[in-house]
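Now for the letters of each chain:
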Amino acid sequence: MKKLQNLKYKAFIFDRDGVLNYKPTPPNRYILKPDELILNKSVLEKIRILQSYEKLIGVATNQQCVGKELINMEELNYINEVIIRYLEGIGGIRIPFFICTHLVEDDCLCRKPKPGLLEANLEFLKVDRSKAVFIGDTATDREAAENFKIDFIDVSEFTDYC
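Every value quoted in this text rests on a predicted model; they were computed, and no experiment measured them.

Engineer: Please explain the packing of aromatic side chains as it appears in this structure.
Structural biologist: Each aromatic ring pair is specified by the distance between its two centres and by the angle formed by the two planes. Counted under the stated rule, the structure contains four aromatic pairs. The interplanar angle of 65° and the centroid separation of 5.7 Å between the aromatic rings of Phe98 and Phe124 together place this pair among those described as edge-to-face. Pair noted here: Phe98 is in strand β3 (residues 97–100) and Phe124 is in helix α5 (residues 116–125), with a separation of 26 residues, a long-range link. Where Phe134 meets Phe152, the ring centres are 6.1 Å apart and the plane angle is 65°; that geometry is what we call edge-to-face. Of this pair, Phe134 sits in strand β4 (residues 132–136) while Phe152 is found in strand β5 (residues 151–154), placing the two residues 18 residues apart along the sequence. Phe152 matches Phe134 in its accessibility class, with the two residues each being buried. The ring centre of Phe148 lies 4.0 Å from the NZ or CZ of Arg129, which sits over that ring.

As structure tokens, this is what we get:
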């Protein structure tokens, strides 16, 4: 735990699918129901530990399943609430979700790899980007971090930081 006390980051922003939960199994591209959600409990435990060291946590996730009208925002919020409830159940603190529901072709400013979701997280958490890191699992996540000029950690390497 000494690593955490000396860690330069004050805020950790996480992608959802592939990080907080496992990606859906093909042929499914989206998690549309809570029973399709398989939590990555080791990452959620690391979040709880980070919170115990007063680190701030946020989530930045593309969810075009809403834009495609496969589910609505209420259903998506309920799925995210399952993640929050699990985290709270292991002693963690509620975390904010910043979500882009736009389609790729909408060319919005929030859909990763554009930096809007990362910027919104840091504004909400009131943390400078030099004190923040984005944890993701895809090239799009890495590109979003590069576009926002924020450090990036691949989720496969994240356990080395806690």
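Engineer: Would you take a moment to explain the nonpolar core for this structure?
Structural biologist: Burial of nonpolar side chains together is a common tendency in soluble globular proteins. Phe12, Phe14, Leu20, Ile47, Phe97 and Ile135 are the most contacted members of the largest nonpolar core, which totals 32 residues. Counting only elements with at least two residues in this core, the list comes to β1 (11–14), α2 (41–52), β2 (56–62), α3 (64–67), α4 (73–89), β3, β4 and α7 (155–158). Ranked by the residues each element gives to this core, the list is headed by α4, at five residues. Excluding its chain neighbours within four sequence positions, the residues that come into contact with Phe97 are Arg16, Leu20, Val59, Asn80, Ile83 and Ile84. The next biggest cluster of nonpolar side chains, apart from the first, holds 19 residues, and it includes Ala11, Ile13, Cys110 and Leu122.

Engineer: Is there a simple way to explain the sheet that holds β5 in this structure?
Structural biologist: Strand pairing in a sheet relies on backbone hydrogen bonds, with the paired strands running either antiparallel or parallel. Read from one edge to the other, the open sheet built from five strands follows the order β3-β2-β1-β4-β5, with strand pairing classed as parallel. This sheet does not close on itself; its edge strands, each paired only once, are β3 and β5. Across the sheet, the mean angle separating the axes of adjacent strands is 25° when strand polarity is ignored. Across four bridges, β4 lies against β5 in parallel orientation.

Engineer: I tried to follow the environment of Leu87 on my own but got confused; where do I start?
Structural biologist: Within the fold, Leu87 resides in helix α4. Leu87 gets classed as buried once you look at its relative accessible area, which sits at 0%. Residues Leu87 and Arg48 lie 39 residues apart in sequence; the distance between their C-alpha atoms is 7.0 Å. Those residues in contact with Leu87 that sit more than four places away from it in its chain are Leu44, Ile47, Arg48, Gln51, Gly92, Ile93 and Ile95.

Conventions we followed
Residues numbered from 1 in each chain as written. Predicted model: local features only at pLDDT ≥ 70, side-chain atom pairs only at ≥ 80, totals over all residues. Heavy atoms only, no water. Phe/Tyr/Trp six-rings, centres within 6.5 Å; stacked < 30°, edge-to-face > 60°. Helix = DSSP H or I, 4+ residues; strand = E, 2+ residues; numbered from the N terminus. Buried < 20%, exposed > 50% of the residue type's maximum accessible area, 1.4 Å probe, protein only. Lys NZ or Arg CZ within 6 Å of the ring centre and 35° of its normal. Core = buried A, V, L, I, M, F, W, Y, C linked by side-chain atoms within 4.5 Å. Contact = heavy atoms within 4.5 Å. Pairing = 2+ DSSP bridges. Axes fitted to C-alpha atoms, helices over the stretch in contact; angles between N-to-C directions.

Nothing here speaks to function; it is all geometry.
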